[in-house]
Amino acid sequence: QVQLVESGGGLVQAGGSLKLSCAASGSPFSANEMTWYRQAPGKQRELVATITNYGRTNYADSVKGRFTISRDGPKNTMYLQMNSLKPEDTAVYYCNAKIRVMSGDYWGQGTQVTVSS
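Residues numbered from 1 in each chain as written. Predicted model: local features only at pLDDT ≥ 70, side-chain atom pairs only at ≥ 80, totals over all residues. Heavy atoms only, no water.

### Some words on the pattern of salt bridges
Thinking step 1. Counting across every chain of the model gives five salt bridges.
Thinking step 2. Taking the shortest distance from any N to any O, the salt bridge between Arg38 and Glu46 comes out at 2.6 Å.
Thinking step 3. The salt bridge partner of Asp61 is Lys64, with a shortest N-O separation of 3.1 Å.
Thinking step 4. The exposure class of Asp61 is exposed, given its relative accessible area of 64%. (Salt bridge = Lys/Arg side-chain N within 4 Å of Asp/Glu carboxyl O. Buried < 20%, exposed > 50% of the residue type's maximum accessible area, 1.4 Å probe, protein only.)

Put into structure tokens, the structure is as follows:
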């Protein structure tokens, strides 16, 4: 059973920083792709940033230059360094991992990020 656990969320003032972590357990295989999503109240879940097992990254336009995604591949651990936070970054942030050899698409339970103005 693969499990993903996010941590690092909280309340921060606009302009501040937070670092989210996502730890995946229960898989002997490295995730092909790990992604951060977020969902604000009343809005659809949206992709924030993705990183592949080759280290290739992709970001939503809204976070480019402010957020940095990274991972420790062998440990299936992923991070999201969030700088220059804005009130519009307020959302529940979810971790996702795709492990193709297991035909798996796994989600964490989410961590709340609240940015006050």
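So, next bit.
### Thoughts on the environment of Asp72
Thinking step 1. Looking at the secondary structure, you find Asp72 in strand β7 (residues 67–72).
Thinking step 2. Asp72 sits in the partly exposed class, given a relative accessible area of 26%.
Thinking step 3. Along the backbone, Asp72 and Gln13 are 59 residues apart, and their C-alpha atoms lie at a distance of 29 Å. (Helix = DSSP H or I, 4+ residues; strand = E, 2+ residues; numbered from the N terminus.)

### Looking at the sheet that holds strand β8 (residues 77–82)
Thinking step 1. Judged by pairing direction, the sheet is antiparallel, and its four strands sit side by side in the order β1-β3-β8-β7 without closing on themselves. Either end of the sheet is taken by a strand with one partner, and the two such strands are β1 (3–7) and β7. Ignoring strand direction, the axes of neighbouring strands in this sheet form an average angle of 15°. (Pairing = 2+ DSSP bridges. Axes fitted to C-alpha atoms, helices over the stretch in contact; angles between N-to-C directions.)

### Brief notes about the state of the cysteines
Thinking step 1. Summed over all chains, the structure comprises one disulfide.
Thinking step 2. The disulfide that involves Cys22 links it to Cys95, with 1.8 Å between the sulfurs. A torsion of -65° about the S-S bond marks the disulfide between Cys22 and Cys95 as left-handed. In this pair, Cys22 sits in strand β3 (residues 18–25) while Cys95 sits in strand β9 (residues 91–99), placing the two residues 73 residues apart along the sequence.
Thinking step 3. Using a relative accessible area of 0% as the deciding quantity, one classes Cys22 as buried. (Disulfide = S-S within 2.5 Å.)

### Description of the nonpolar core
Thinking step 1. Core analysis: the biggest nonpolar cluster contains 31 residues, and Trp36, Leu80, Met82 and Tyr93 have the highest contact counts within it.
Thinking step 2. Every element with two or more residues in this core is listed here: β3, β4 (33–39), β5 (46–52), β7, β8, β9 and β11 (111–116).
Thinking step 3. It is β9 that contributes the most residues to this core, five residues altogether.
Thinking step 4. If sequence neighbours within four positions are ignored, Tyr93 has contacts with Glu6, Leu20, Trp36, Tyr37, Arg38, Val48, Phe67, Leu80, Met82, Gly110, Thr111 and Val113. (Core = buried A, V, L, I, M, F, W, Y, C linked by side-chain atoms within 4.5 Å. Contact = heavy atoms within 4.5 Å.)

### Considerations on the packing of aromatic side chains
Thinking step 1. The final tally for this structure, using the stated rule, is one aromatic pair.
Thinking step 2. Taking NZ or CZ as reference, Lys19 lies 4.9 Å from the ring centre of Tyr79, over its face.
Thinking step 3. Taking the ring centre of Tyr94 as reference, the NZ or CZ of Arg45 above it sits at 3.8 Å. (Phe/Tyr/Trp six-rings, centres within 6.5 Å; stacked < 30°, edge-to-face > 60°. Lys NZ or Arg CZ within 6 Å of the ring centre and 35° of its normal.)

### What about a nonpolar patch on the surface?
Thinking step 1. A surface patch of nonpolar side chains, amounting to about 260 Å² of accessible area, comprises Phe29, Val101 and Met102.
Thinking step 2. As for its position among the elements, Val101 is in the loop between β9 and β10 (104–107). (Patch = residues over 30% accessible without salt bridge, like charges linked within 9 Å, V, L, I, M, F, W, Y side chains within 5 Å. Areas by Shrake-Rupley, 256 points an atom, 1.4 Å probe, with all protein chains shown as cover.)

### So, the environment of Ser62
Thinking step 1. Tracing the backbone shows Ser62 in the loop between β6 (57–59) and β7.
Thinking step 2. Through-space distance from the C-alpha of Ser62 to that of Val48 is 8.3 Å; in sequence the pair is 14 residues apart.
Thinking step 3. A distance of 3.4 Å separates the side chain of Ser62 from the side chain of Arg38, its partner in a polar contact. (Polar contact = N/O pair within 3.5 Å; in protein donor to acceptor, adjacent residues only side chain to side chain.)

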